[in-house]
Structure formats: C-alpha cells, structure tokens
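Architecture at a glance
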Amino acid sequence: DTLMRALEVCEDEFLKLCLNLAFAGSLRIGELLGLTWDCVDFQRKTVTVKQARVRNSENHWVTKGTKTTGSTRTINAPDYIMDKLKEAQRGSTSDNVVTIRGNCLYHRLKVILKNNGLPDIRFHDLRHTAASIGLLLNVPEKYMMARGGWSSPRTMRTVYQHTMASKRSDVDRQIDSFYSSLL
C-alpha cells in the first residue's frame, strides 16, 4: 500500500523506474545499481541480473558478481517497465541503467515518503513486498525463489514473506465459516 501510494505521488520518473524494477523484479539495491544496458532485452522483454554494485571495505563503489549463484537470473518484465527502460535508455550516455548511487535512491525515496505523510520504509522492503505478493498470489515456492534470486526457501519464507492484513481477514472468514457450518 505504501509503495503504490509512493508511486502515485512520485513525480521523479527515474525513481519510479527504480522502484518498479526493484519491486517487480525483487531486486536488491546492489543488483539494481549493477544493471547495465546489455542486461535489458527489449525484444524478449527481460532483465537479466548478473552483477551487483556495492561498496567495498574501503567504501568505494565496485561491481561484483551476484550474492549467490541463484541470484543470477532473468526476469520477465511487464510492458510498463520496459517502456520506462526505453525512455531512460534514450537519455542515457552510460552503460549503467542506474547512474546514481544507492544512497541517493534511498534518500529520494525517503523524501517522497516524508513529504506525503507515508509510512517509513527501506528500499530493501520492496523485496519483502515482492515476496509477500508472491505468497498472497500462491506463486509456487520454486518460481518465487527463481524470480527473487533466493537460494534458500527457508530464508525466503522466514525473512521475506509476510502475511497481509486483508488476506488474513479473508482467511479468518473462511475458517469461521467452516467452523460455523460444523455447528
């Protein structure tokens, strides 16, 4: 809900692209920063995650491989994301899709949230939301793991997937209805 509201009020098209990529693809911020234009296949409508851009021990930005072998993945991207990527590529002079640092993305998100009275979330919470949406939609575990690059179902289930109040209410009504029918 916070993400949808943030996207509605956000006037920064580049930030919208980053939020959509991170959420729809369940990307870590380092994976988002590591995307290069050769990772984007406009014909197949896919985005390949094959590297990450992170700070090293000396606090310098470096490009490295993904966190795990399962984190290297190709994600089918919806048309609205591909359209935003095409727009971004037209104005780009860089090999990188995201040309600003992760802390700048983080701060831009925080400004949108604060200025619009929205609950505070971390950029990484988009990954939690993506995993929780997969749970809500009953996406089979193996497919959700592949999409999000999780190597362990236990980590995905215990750390990233959360129940949603609206779905809990539906489940409660189903259980109550079942028990009532027995009485």
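Within the chain, the secondary structure is distributed over 9 helices and 5 strands. Helices and strands appear in the chain in the N-to-C order α-α-α-β-β-β-β-β-α-α-α-α-α-α. Structurally, the chain occupies a C-alpha span of about 70 × 40 × 40 Å along its principal axes. Expressed as a percentage of the 183 residues in the chain, the buried residues total 39%. Taking the intrachain contacts of the chain between residues at least 6 apart in sequence as the baseline, contacts between residues at least 24 apart amount to 64%. For the chain, the exposed area adds up to about 10800 Å²; of that, 51% sits on carbon and sulfur atoms. Each charge sign in the chain was given a centre, from 27 positive and 19 negative side chains, and these centres are 5 Å apart.

Where helix H2 (residues 13-24) meets helix H6 (residues 125-136), the closest approach of the two axes is 7 Å, and the angle between their N-to-C directions is 45°. Classified by the angle their axes make, H2 and H6 are oblique. Two packed elements cross with a definite hand, and for H2 against H6 that hand is right-handed. Packed against H2, whose contacting residues are Leu19, Ala22 and Phe23, the element H6 presents Leu126, Thr129, Ala130 and Ile133 at the interface.

What the rule picks out here adds up to 1 cavity of 30 Å³ or more. By volume, the largest cavity amounts to about 60 Å³. Its residues assigned to classes, the lining of the largest cavity comprises 8 nonpolar, 2 polar and 1 charged.

What follows covers the layout of surface pockets. Of the volumes computed, that of the largest pocket is approximately 250 Å³. Along the walls of the largest pocket sit Asp1, Thr2, Leu3, Met4, Phe23, Ile121, Asp125, Leu126, Thr129, Ile133 and Met164, which together make up its complete lining. Elements supplying a minimum of two residues to the lining of the largest pocket: helix H1 (2-9) and H6. Ranked by residue count, the leading element in the lining of the largest pocket is H6, at 4 residues. Taken together, the residues of the lining of the largest pocket break down into 7 nonpolar, 2 polar and 2 charged.

Attention now goes to the nonpolar core. Ranked by size, the top nonpolar core spans 39 residues in total, and within it Leu32, Leu85, Leu105 and Phe123 carry the most contacts. Those elements that provide at least two residues to this core are H1, H2, helix H3 (29-34), strand E2 (46-49), helix H4 (79-90), helix H5 (102-115) and H6. Considering each element in turn, this core owes the most residues, 8 residues, to H2. Excluding anything up to four places from it in sequence, Leu85 contacts Leu17, Leu21, Trp37, Val40, Phe42, Val47 and Val97. The next biggest cluster of nonpolar side chains, apart from the first, holds 6 residues, and it includes Ala131, Met144, Trp150 and Met156.

A separate point is the sheet that holds strand E5 (residues 73-76). Pairing within the open sheet is antiparallel, and its 3 strands lie in the order E1-E2-E5. Bordering the open sheet on either side are strand E1 (40-41) and E5, each of which pairs with just one other strand. The sheet contact formed by E2 and E5 spans 4 bridges and is antiparallel. Along E5, the bridge assignment pairs Val47 with Ile75.

Let us now look at the environment of Gly117. Position of Gly117 relative to the elements: it lies in the loop between H5 and H6. Using a relative accessible area of 66% as the deciding quantity, one classes Gly117 as exposed. Spatially, the C-alpha atom of Gly117 lies 9.9 Å from that of Ala6, the residues being 111 residues apart in sequence.

Before going further, it helps to examine the packing of H1 against H2. Remark: H1 packs on H2, axes separated minimally by 10 Å, with the N-to-C direction vectors making an angle of 155°. As far as their axial angle goes, H2 and H1 are roughly antiparallel. The hand of the H1/H2 crossing is left-handed. Within the contact between the two elements, H1 uses Leu3, Met4 and Leu7 and H2 uses Lys16, Leu19, Asn20 and Phe23. The residue inventory of the contact of H1 with H2, partitioned by class, reads 5 nonpolar, 1 polar and 1 charged.

Reading the values: rules and limits
Residues numbered from 1 in each chain as written. Predicted model: local features only at pLDDT ≥ 70, side-chain atom pairs only at ≥ 80, totals over all residues. Heavy atoms only, no water. Helix = DSSP H or I, 4+ residues; strand = E, 2+ residues; numbered from the N terminus. Buried < 20%, exposed > 50% of the residue type's maximum accessible area, 1.4 Å probe, protein only. Contact = heavy atoms within 4.5 Å. Areas by Shrake-Rupley, 256 points an atom, 1.4 Å probe, with all protein chains shown as cover. Lys, Arg positive; Asp, Glu negative; His and termini not counted. Charge placed at Lys NZ, Arg CZ, Asp CG, Glu CD. Axes fitted to C-alpha atoms, helices over the stretch in contact; angles between N-to-C directions. Parallel < 35°, antiparallel > 145°, perpendicular 65-115°, else oblique. Left-handed = near helix turned anticlockwise from the far one by under 90°. 1 Å grid on protein atoms, 1.4 Å probe; cavity = no way out; pocket = protein on both sides within 12 Å on 5 of 7 lines; lining within 4 Å. Points joined across faces, edges and corners; volume = space filled by probe spheres on them. Nonpolar A, V, L, I, M, F, W, Y, C, P; charged D, E, K, R; others polar. Core = buried A, V, L, I, M, F, W, Y, C linked by side-chain atoms within 4.5 Å. Pairing = 2+ DSSP bridges.

Read these as layout, nothing more, since geometry by itself doesn't imply function.
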